[in-house]
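Next come the chains, spelled out residue by residue.
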Amino acid sequence: MTSTLPLARPEEGQSWTRYFGFNTDAKVIGIQYIVVAFFFFLIGGFLAMIIRGELITPASDLVDRTVYNGLYTMHGTIMLFLFIFPVLNGLNNLLIPTMIGAPDMAFPRLNAVAFWLVPIFGSLLIASFFVPGGPAYSGWWSYPPVSIQNPLGNLINGQGLWLVAVALSGVSSIMGAVNFVTTILRMRAPGMGFFRMPVFCWTALAAQTLQLIGLPALTGGAIMLLLDLTAGTSFYRPEGGGDPVLYQHFFWFYSHPAVYVIILPVFGIFSELFPVYSRKPLFGYVYVSVASFIIVGLGLIVWVHHFFPSGVPEWMRNLFMFTTMLIAVPTGVKVFAWLGTIWRGKLQLTTPMLFCLGGLVNFVFAGITGIMLATVPIDIHVNNTYFVVGHFHYVIYGAAVMGIFAAIYHWFPKFTGRMPYEGLGKLHFLLTFVGANLNFLPMHPLGLMGMPRRVSSYDPEFAFWNVLASLGAFLLGVSIIPFLLNIISSWARGPRASHNPWNAIGLEWLLPSPPPEDNFGEHVPTVISRPYGYGSDEPLVEHQAEIEKALILQEATR
Amino acid sequence: MTSTPIPPPGQVVAHGEGQHVSHNLTGFIIFLCSESVIFLAFFSGYAILRLSALDWLPAGVDGLEWRMPLINTVVLVSSSLTMVVAEHFKGKEKVWLFRAFWLLTMAMGAYFLYGQAVEWSGLKFGFTSGTFGGTFYLLTGFHGLHVATGVLLMGLMLFKSFIPGNYSGGEEGVKATSLFWHFVDVIWVILFVLLYVWRA
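**Student:** Would you take a moment to explain the overall build of chain A for this structure?
**Tutor:** When helices and strands are counted, chain A shows 16 helices and zero strands. The C-alpha atoms of chain A give 24 Å as radius of gyration, which agrees with the globular expectation for 558 residues (24 Å, within 12%). On the principal axes, the C-alpha backbone points of chain A span a range of 75 × 50 × 45 Å. Relative to its full complement of 558 residues, chain A shows a buried share of 56%. For chain A, long-range pairs separated by at least 24 residues make up 83% of all intrachain contacts whose partners lie at least 6 apart in sequence.

**Student:** In this structure, what is going on with the overall build of chain B? I would like to understand it.
**Tutor:** Helix and strand counts for chain B come out as five helices and zero strands. In chain B, the succession of helices and strands from N to C terminus is α-α-α-α-α. Across chain B, every contact between residues at least 6 apart in sequence was considered, and the portion connecting residues at least 24 apart equals 77%.

**Student:** Honestly, the interface of chain A and chain B in this entry has me stumped. Any pointers?
**Tutor:** Interface size is commonly expressed as the accessible area that is lost once the parts come together. At the interface, 43 residues of chain A touch 32 residues of chain B. Every element with two or more residues in the side of chain A that touches chain B is listed here: helix H3 (108-127), helix H4 (158-186), helix H5 (199-230) and helix H6 (244-278) of chain A. The dominant element in the side of chain A that touches chain B, judged by the number of residues it contributes, is H5(A), at eight residues. Considering only residue class, the side of chain A that touches chain B consists of 22 nonpolar, 13 polar and eight charged.

**Student:** Which parts of the structure should I look at to understand the packing of helix H1 (residues 26-55) of chain A against H3(A)?
**Tutor:** A pair of packed helices can be characterised by two numbers: the angle between their axes and the separation between those axes. Residues and elements named next belong to chain A. Packing of H1 against H3 leaves a shortest axis separation of 10 Å and a crossing angle of 15°. As the angle between them shows, H1 and H3 are arranged roughly parallel. Note on packing geometry: the crossing formed by H1 with H3 is left-handed. For the pair formed by H1 and H3, the contact residues are Ala26, Ile29, Gln32, Tyr33, Val36 and Phe40 on the first element and Pro108, Asn111, Ala112, Phe115, Val118, Pro119 and Gly122 on the second. For the contact of H1 with H3, a count of residues per class yields 10 nonpolar, three polar and no charged.

**Student:** Looking at this model, I keep getting lost on the nonpolar core. Mind explaining?
**Tutor:** As a rule of thumb, nonpolar side chains are buried together in soluble globular proteins. Counting 208 residues, the largest nonpolar core has Ile100(A), Cys201(A) and Ala400(A) as the members making the most contacts within it. In this structure, Ile100(A) is in contact with Ile184(A), Met187(A), Arg188(A), Ala189(A), Met192(A), Met197(A), Cys201(A) and Leu507(A), ignoring residues within four places of it in sequence.

**Student:** Would you mind showing me how to read the environment of Leu57(B) here?
**Tutor:** All names here are of chain B. Here leucine 57 is to be found in the loop between helix H1 (24-52) and helix H2 (67-91). Distance from leucine 57 to phenylalanine 132, taken between C-alpha atoms, is 6.2 Å for residues 75 residues apart in sequence. Here leucine 57 is in contact with Asp62, Gly63 and Phe132, once residues within four sequence places are set aside.

**Student:** Help me understand helix H2 (residues 65-100) of chain A in this model?
**Tutor:** An α-helical segment advances 3.6 residues per turn. Residues three or four places apart therefore align on the same side. Residue and element names in this part refer to chain A. Under the 1.5 Å per step criterion, the end-to-end length of H2 is 51 Å for 36 residues, consistent within 8% with the ideal 52 Å. Helix geometry: H2 is bent most strongly at methionine 79, by close to 30°. In terms of burial, H2 is a largely internal element, 31 of the 36 residues being buried. After H2 finishes, the residue glycine 101 shows a positive phi value of roughly 75°.

**Student:** Help me understand unusual backbone geometry, please; the structure alone is not making it clear to me.
**Tutor:** For residues besides glycine, phi is generally negative; the peptide bonds are generally trans as well. Residues and elements named next belong to chain A. Residue proline 144 is joined to proline 145 through a cis peptide bond whose omega torsion reads 5°. Within the secondary structure layout, proline 145 lies in the loop between H3 and H4. Proline 514 follows serine 513 through a cis peptide bond whose omega is -10°. Mapped onto the elements of the fold, proline 514 is located in the loop between helix H15 (463-493) and helix H16 (544-556).

**Student:** Got a minute to help me understand the packing of H2(A) against H3(A) in this structure?
**Tutor:** All names here are of chain A. Remark: H2 packs on H3, axes separated minimally by 11 Å, with the N-to-C direction vectors making an angle of 165°. Here H2 lies roughly antiparallel to H3, going by the angle between them. For the element pair H2 and H3, the recorded crossing hand is left-handed. Two secondary-structure elements touch here, H2 through Thr77, Ile78, Leu82 and Pro86 and H3 through Val118, Gly122 and Leu125. Classifying every residue of the contact of H2 with H3 by side-chain character gives five nonpolar, two polar and no charged.

**Student:** Is there a simple way to explain the confidence of the model for chain A in this structure?
**Tutor:** Atomic detail in the predicted coordinates should be set aside for any region of low pLDDT. All names here are of chain A. Across chain A, the average pLDDT comes to 94, with 97% of residues at or above 70. Confidence, expressed as mean pLDDT per element, reaches its minimum in chain A at H16 with 93 and its maximum at helix H13 (residues 422-440) with 98. Across residues 1-10, where pLDDT falls below 50, the model places 16 contacts with residues more than four positions away in sequence or in other chains.

**Student:** Help me understand the environment of Phe440(A) in this model?
**Tutor:** Residues and elements named next belong to chain A. If you trace the backbone, phenylalanine 440 turns up in helix H13. The sequence separation of phenylalanine 440 and glycine 390 amounts to 50 residues, and the corresponding C-alpha distance is 5.0 Å. Once residues within four sequence positions are removed from consideration, phenylalanine 440 is found in contact with Gly390, His393, Tyr394, Tyr397 and Gly398.

Rules of the game
- Residues numbered from 1 in each chain as written.
- Chains lettered and ligands numbered in written order.
- Predicted model: local features only at pLDDT ≥ 70, side-chain atom pairs only at ≥ 80, totals over all residues.
- Helix = DSSP H or I, 4+ residues; strand = E, 2+ residues; numbered from the N terminus.
- Rg over C-alpha atoms; globule rule 2.2 N^0.38 Å.
- Buried ≥ 20, exposed ≤ 12 C-beta atoms within 10 Å, placed from the backbone.
- Contact = placed C-beta atoms within 7 Å.
- Nonpolar A, V, L, I, M, F, W, Y, C, P; charged D, E, K, R; others polar.
- Axes fitted to C-alpha atoms, helices over the stretch in contact; angles between N-to-C directions.
- Parallel < 35°, antiparallel > 145°, perpendicular 65-115°, else oblique.
- Left-handed = near helix turned anticlockwise from the far one by under 90°.
- Core = buried A, V, L, I, M, F, W, Y, C linked by C-beta atoms within 7 Å.
- Expected span 1.5 Å × (residues − 1).
- Bend = angle between axes of the 7 residues up to and from the residue.
- pLDDT = per-residue confidence, 0-100.

In structure tokens form, the structure reads like this:
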């Protein structure tokens, strides 16, 4: 069998310049996505530093109030549409084809177009800082009536650019979603039925399904908003018979599921990594997989909880409170499955495992405040306060971004061929975990005390918790330095990685590091068992011993 | 896969062992499902605005004329039938009959667009005439854009039918266009009911 294995294909001849052009290889596109996403992460993070710098004192003294409105609007928009979604699409590009044994995505050229839209709409959004009147200032939700004001009367204004950028982001995400779903449905390795698929692919499939259902609604709503802003229609204009709350429905019909688009792949990452670093099979694999789709179904019918105080009828409030609370059940199934996985396992506290554990702790905390927020009386009390801000930063930064860091450290050796440094990685984890909690925990007492969000000055009684939060934010700002140092230096001259440095089970670990351009090419192994067979000596694919022997030989002659 | 372009519809491409199929049609169906949600969003927005309106019709307008749109509806629905006939002839490899019925379908689509334009030019209200005018032009305009896209796609497929051997390995482009056309047709029927049949 050895002669038919994917061996000895020259990798070193590939030029690094391919990362700067229109390339259709999913592994190149994946890295392009991740690098571009972190570029925008630094911009969004810089805006967060200014925001927290403003809030370290009660007075509005660092930036002008109108500038402040633009800052939080752009911080939210950049972090969601230009950091989280692109970085996850990058991981999807790297992991889906290699995990299912496909040579590439189903539509490689569409994939590249979807990626190149990101820098285009990213530049449009950043350009809005330089147009007269400044960037959009109506918050990342862009609720009318604020978002349909155009006081300067220019055709090109911050809000208009915001809408065009978000619409293009939607186009890019839809292209990506069509590609990911088709790839997962049609290009799996022989023998890989749905219930032999890694959980990351399950969660990616679920998340991309949500994109396909939810995004068109946002696009529709955004088109109507753009028409109200520029063409003088009155869909959301009360004086013309329009309804501003209608926009809130459109916006949250997508943007609530968007949270699951973000967190589901992170659940996938947790489900991949806990078994590796606990040396145990994933507890309840089938339940974890199916729970992803229960979350999809429920996630589509909870959106009204974002605007309980916006003149929503009583029956609607109660219904959506109920469905929101119901989501805790499939999510809880997953949390208990991870606990069952690490229970009595041989834990290896590597950098990716630390990020997973930290992310899980933060996620459970965010889940508890989420249930509090779902309760109508509590929600009406803390709506639009820092309690909400604290809650979703725990979800997005505390859980999702930490999970993404875990994934980057875990799969870095596979796709670069180099090992990241453990010491810098652990320092990064420590700063991130302490920084995130110091930053976002104080927001909860602030919200309960009644401090509203989106203000640049506040009552001095809120000062104590705000100073703590700002210090945490600056610590988070510092935490990115060891990460960047680690990634850049280890990519340039870190120790060479073997094909399976973590002793993990999965098709991607049966490829050389980095994998050849078409992955397994014509020699896709046949999958013969479920994933995560840790502790049992059952092989994942046919002829596994030969494949591994060949890879070790190849590494020895390198 | 740096140098491998997306295979043209109908061409078989190797994608690893046991997967010698092109995925274009799967991808297109997934896209259509997603596209239908945007119409669903517009439909529900229309219904919510209409149900909550105090004065739905702007001053001086007493409703929509329905005769011309009804003719348009009949034409569009029958064009779905002529398209089925065209596909039937393609299945029997009678290429000229396929082309004839395909062209007839295109002509009916073009007539629909013409009828829509005539209707628009005779209306007494504009895009900015409250939510009534806004939703009317948004729905019919967005649908019209899809009809125009469909006619263009059909033209492209007709042109491709003259390339020798183009249809020998499967006709995903034709299938996709036909799915798109039926989709546009179904959307119109819902739209017709919502705009013209639903009386206050």
